[in-house]
Amino acid sequence: QVQLVESGGGLVQPGGSLRLSCAASGSTITLNPMGWYRQAPGKERELVATITSGGSTNYADSVKGRVTISRDNAKNTVTLQMNSLKPEEPAVYYCNAVNVWSRVNYWGRGTQVTVSS
């Protein structure tokens, strides 16, 4: 079993920065890729960014150039650095990991990001 625990959410002003972290525990050796998704009220959950164990990244078009995802395989953590946050980006941000063999998706409980002046 896999557990994902997010941290780092909070309130930030428009144009500000925030860093989210996710720590994985359990059967982490099979997790690939890992990433972040977000869900705003009344909207579907959407991809923000993913990263493989080899460091290959994939970003949503809406965040390219402003967001950086990184991964520490030794510590089983994945981090999302978000810059120039926009007023339309408040959401609950979820950490995600996929079992490379079964393709089962694991989700954290989410962390709230609020963008407001």
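Look up a bit, the structure's there.
### Digging into the side chain of Thr111
Argument step 1. Mapped onto the fold, Thr111 is located in strand β11 (residues 111-115).
Argument step 2. Given the relative accessible area of 11%, Thr111 is considered buried.
Argument step 3. Of the polar contacts made by the side chain of Thr111, one reaches the backbone nitrogen of Gly9; its length is 3.2 Å.
Argument step 4. When neighbours within four sequence positions are excluded, Thr111 is seen to be in contact with Glu6, Gly8, Gly9, Leu20, Trp36, Ala91, Val92 and Tyr93.

### Thoughts on the nonpolar core
Argument step 1. Counting residues in hydrophobic clusters, the biggest one holds 30 residues, and the most contacted among them are Leu4, Trp36, Leu80, Met82 and Tyr93.
Argument step 2. Residue assignment for this core shows that the elements contributing at least two residues are β1 (2-7), β3 (18-26), β4 (31-39), β5 (46-51), β7 (67-72), β8 (77-82), β9 (91-99) and β11.

### Describing the sheet that holds β7
Argument step 1. The antiparallel open sheet is built from four strands, whose spatial order is β1-β3-β8-β7. Of all the strands in the sheet, just β1 and β7 have a single pairing partner and so form its edges. When the angles between neighbouring strand axes are averaged without regard to direction, this sheet yields 15°.
Argument step 2. Sheet topology places β7 next to β8; six bridges connect them, and they run antiparallel. Note that in β8 the partner of Ile69 across the bridge is Leu80.

### Notes on the packing of aromatic side chains
Argument step 1. Summed over all chains, the structure comprises two aromatic pairs.
Argument step 2. Centroid distance Tyr37 to Trp107: 5.2 Å. Interplanar angle 75°. Geometry classified as edge-to-face. Residue Tyr37 is located in strand β4, and its partner Trp107 is located in strand β10 (residues 105-107); the two are separated by 70 residues in the primary sequence.
Argument step 3. Note on Trp107: relative accessible area 35%, which makes it partly exposed.
Argument step 4. Relative to Trp107, the ring of Tyr94 lies with its centre 6.5 Å away and its plane at 90°, an arrangement referred to as edge-to-face. Separated by 13 residues along the polypeptide, Tyr94 in strand β9 and Trp107 in strand β10 bring together distant segments of the chain.
Argument step 5. Residue Tyr94 is classed as buried on the basis of its relative accessible area, which comes to 13%.
Argument step 6. Taken together, Tyr37, Tyr94 and Trp107 form an aromatic cluster joined through their ring pairs.

### Things to note about the pairing of β3
Looking along a regular strand, one sees the side chains alternate between the two faces of the sheet.
Argument step 1. Where β1 lies against β3, six bridges are found, and the strand directions are antiparallel. In the sheet register, Leu4 faces β3, and the bridge partner there is Ala24.
Argument step 2. Pairing geometry for β3 and β8, over six bridges, is antiparallel. Its bridge partner lying in β8, Leu20 is registered against Leu80.

What counts and what doesn't
Residues numbered from 1 in each chain as written. Predicted model: local features only at pLDDT ≥ 70, side-chain atom pairs only at ≥ 80, totals over all residues. Heavy atoms only, no water. Helix = DSSP H or I, 4+ residues; strand = E, 2+ residues; numbered from the N terminus. Buried < 20%, exposed > 50% of the residue type's maximum accessible area, 1.4 Å probe, protein only. Polar contact = N/O pair within 3.5 Å; in protein donor to acceptor, adjacent residues only side chain to side chain. Contact = heavy atoms within 4.5 Å. Core = buried A, V, L, I, M, F, W, Y, C linked by side-chain atoms within 4.5 Å. Pairing = 2+ DSSP bridges. Axes fitted to C-alpha atoms, helices over the stretch in contact; angles between N-to-C directions. Phe/Tyr/Trp six-rings, centres within 6.5 Å; stacked < 30°, edge-to-face > 60°.

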